[in-house]
Amino acid sequence: MAETHAHATEAGDDTTRRDILYIGTATFAAVGLARGVVWPLIHQMNPAENVKALASIEVDISQIPVGQQIKILWQGKAVFVRHRTANDIAKARADDTAADLKDTSNRPTDAERVVDDKGTSRPEILVLLGVCTHLGCVPLADRGDYDGWFCPCHGSHYDTAGRIRKGPAPANLVIPPYEFIEEFKIKIG
Amino acid sequence: MAHQSNYNPSNGFTKWMDERLPIIRLGYDSFVEFPNPRNLNYWWTFGAVLAVALIWQIVTGIVLAMHYTPTVEGAYASIEHIMRDVNYGWFLRYGHANGGAMFFLAVYIHMFRGLYYGSYKAPREVLWILGMLIYFLMMATGFLGYVLPWGQMSFWAATVITNFFDAIPWVGGSIKTLLLGGPAVAEPTLNRFYSLHYLLPFIIVGVVILHIWALHIPGSANPTGIEKKGPQDTLPFHPYFTVKDLFAVAVFATFFAWFLYFQPNAMGHPDNYIEANPLQTPPHIVPEWYYLPFYAILRSITFDIFFLKAQLLGVIAMFGSIVILFFLPWLDRSKVRSMRYRPVMRFFFILFVLDCFILGWVGANSPDVTVLGIEAKNIGLFSTFYYFAFFMIIMPVVGMMETPKPLPEGIHESVLARSGKGASKHADGDA
Ligand code: HEM
Ligand code: FES
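Everything numeric in this text was worked out from a predicted model, so none of it was measured. (Residues numbered from 1 in each chain as written. Chains lettered and ligands numbered in written order. Predicted model: local features only at pLDDT ≥ 70, side-chain atom pairs only at ≥ 80, totals over all residues. Heavy atoms only, no water.)

Draft legend 1. Representation of the site of ligand 1. Residue and element names in this part refer to chain B. Arg93, His96, Pro149, His197 and Tyr198 are the nearest of the 24 residues found near ligand 1. His96 is positioned such that a nitrogen or oxygen atom in its side chain is 2.8 Å from a nitrogen atom of ligand 1. Where the shell around ligand 1 is concerned, the elements lending two or more residues are helix H3 (46-65), helix H5 (89-116), helix H6 (125-147) and helix H9 (187-216). At six residues, the largest contribution of residues to the shell around ligand 1 is made by H3. The class makeup of the residues in the shell around ligand 1 is 16 nonpolar, seven polar and one charged. (Near = heavy atom within 4 Å. Polar contact = N/O pair within 3.5 Å; in protein donor to acceptor, adjacent residues only side chain to side chain. Helix = DSSP H or I, 4+ residues; strand = E, 2+ residues; numbered from the N terminus. Nonpolar A, V, L, I, M, F, W, Y, C, P; charged D, E, K, R; others polar.)

Listed below in structure tokens is the structure:
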């Protein structure tokens, strides 16, 4: 009886030790493969160094007539720089507390939307990513129910501060990182 | 193979081969002697049409690749070069572009056939799932290919579709960047799409082989939905079905040729003849017709539900509308396969086909177009509701409640009854 018992324990011990070795080896191999082979195969698809290097551009804004905008390509995306009229600004500010402002977390007041990264505020210059927050189309200027932008793809309406008011887009147009480096020159990115 | 092999190698070479690689036996068992139900109608010929379409896409694609340049600078110009300079380039490109559309037409007929005749039910669940996998890969391949000409529609389709992933909480943004290879659709995107557009059709070939393997275990279903019981119910694949399939392929090819030679741009969008411009979205973007119903489902959800945003819900509904098809074998609770004997389900099926067309119409039009005073977006919402209700409510409930019409004794009896000869007169001398 005692003998059988001892034998069983011994066999059991042996199996457990071996299992640990097997599991250890397999884990080691799996982690090694994942880190050494699988990850490089996935990560190669992420942005390459040269793509990441094109991070910022400088833009001359002296030639934008009041009431119009320019479109620039930054990191493959459209950026709007709009020279707003006094009326545009007044309208946007009057709507600061409107009930149909859907996105109240992303710079909801007009005053917050015209401040650059260093804190300079120029209400007449509005800088926006021209990328509809729904599925990425470029909205058209001076259209839609709020005289700001209208996205032709699925019908989102943005106001004169670039805030979403109506349609499927969930968020306000994004303000890219930018700063005034001269009176009529901004750096984006 | 599921049936007994009756292949007899007849000469020295075939005997020698049969002992080493019995591939001639495989071909004989699968496409010569294979016993098919004798009552298959023309809806069953679309499998052959699909096989030919896949080969056509691969052959024309490989030769197009000899002239195409996958760069932002060169892509659009190389398409024009193919159209104007390359010998028969217009034929190859129109053949490939229209061929893609024909491929989808055939697959939709093939799938509705399966739906109507209950081909997805036991023991053909795996066969159905493999088919769905092929369909899913086709959708991906078609999308990737559409980006390659680098026209305005190509570019904005790529932008909108990759943005679906942005809607996924937390990880969505990283997945999108990984797909694009940068902050927006650009050269890295075009390059990887080209690589994958070349790869996926060959993966489809692999899944098609599994699909046919799974088919040949139980053999084809048939319009009565009852299993074959003996030799009186079947005919050999060759010549009966090879000829029938070839005839269908020829008719289908004629239809395709009409598009190819007379209306090569009828299914395309003029905007894709404008080179891609990342600063300007075309005023009206719509996908190719074969994606329209899903596009309508995506756009139909314009309201938030609790903390779930409309944008995410739209994407979930769109993917869900495809994923739900994978579960068909378990959603349908009826033991009777063919809707020929299920009058209630048949009625809902016809509504479902109509619903798909309506969704297609909604997808093609702007959300605020009105018909009889109803806005397209409301029609879209209702049709989306019916789409899901058909699978999630009607299918299980009708399956349990409906009393089917009496089934025929067997395939043989059904054939004779239909041709008016009566089930009693057996010895007809055919087969
Ligand atoms: C499942 C099979 C396939 C489908 C559904 C498909 C679909 C498409 C579609 C819809 C286009 C856009 C046509 C246009 O608007 O011009 C396209 C383009 C292209 N495809 Fe495919 N394709 C398939 C297989 C292949 C294969 C196997 C290759 C190469 C080996 C290939 C190479 C190309 C090339 C080079 C283009 C760009 C030229 C063009 O746009 O005409 N395709 N494909
Ligand atoms: S992308 Fe602008 S509304 Fe859909």
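There's plenty left to go through after this.
Draft legend 2. Summary view of the environment of B:Ala186. All names here are of chain B. You can see Ala186 is positioned in the loop between helix H8 (172-180) and H9. Residues Ala186 and Thr159, spaced 27 residues apart in sequence, show a C-alpha to C-alpha distance of 9.8 Å. Apart from residues lying up to four places away in sequence, Ala186 is in contact with Val72 and Trp150. (Contact = heavy atoms within 4.5 Å.)

Draft legend 3. Inspection of the coordination of the iron atom of ligand 1 at higher detail. All names here are of chain B. The protein atoms donating to the iron atom of ligand 1 are His96 (NE2) and His197 (NE2), with metal-donor distances spanning 1.9 to 2.0 Å. Here the iron atom of ligand 1 is ringed by six donor atoms whose angles at the metal span 87 to 179°, and the overall shape comes out octahedral. With His96 in helix H5 and His197 in helix H9, this pair connects stretches of sequence that are 101 residues apart. Owing to a relative accessible area of 16%, His197 belongs among the buried residues under this scheme. (Donors = N, O, S within 2.8 Å, 3.2 Å for Na, K, Ca; no water. Tetrahedral: all angles 85-135°; square planar, octahedral: opposite > 155°, others 65-115°. Buried < 20%, exposed > 50% of the residue type's maximum accessible area, 1.4 Å probe, protein only.)

Draft legend 4. Region of interest: the pairing of strand S3 (residues 77-83) of chain A. Residues and elements named next belong to chain A. Summarising burial for S3: six of the seven residues are buried, a large majority. Where strand S2 (residues 69-74) folds back on S3, the antiparallel hairpin that results is connected by two residues, among which Gln75 adopts a positive phi of roughly 55°. Sheet topology places S3 next to strand S4 (residues 125-129); five bridges connect them, and they run antiparallel. Each residue of the ladder has a partner; that of Arg82, found in S4, is Leu126. (Pairing = 2+ DSSP bridges.)

Draft legend 5. Main features of helix H3 (residues 86-94) of chain A. Residues and elements named next belong to chain A. Listed in full, the buried residues belonging to H3 are Asp88, Ile89 and Ala92. Down the axis of H3, the buried set is contained in an arc of 95°. They therefore lie on one face. For H3, the exposed residues set more than 90 degrees away from the buried face come down to Ala86, Asn87 and Ala94. In this structure, the buried side of H3 is in contact with S3. (Arc of directions from axis to C-beta.)

Draft legend 6. Highlighting the interface of chain A and chain B. At the junction of the two partners, chain A supplies 25 residues and chain B supplies 25 residues. Of all residues in chain A, A:Met45, A:Leu135 and A:His154 bury the most surface against chain B, accounting for 28% of the area lost on that side. Remark: the boundary between chain A and chain B carries zero salt bridges. Summed over the shared surface of chain A and chain B, the number is seven residue pairs in polar contact (both at pLDDT 80 or more). Elements with a minimum of two residues in the side of chain A that touches chain B: S2 and S3 of chain A. In terms of residue count, S2(A) provides more of the side of chain A that touches chain B than any other element does, three residues in total. (Buried area = accessible area lost by both parts, 1.4 Å probe. Salt bridge = Lys/Arg side-chain N within 4 Å of Asp/Glu carboxyl O.)

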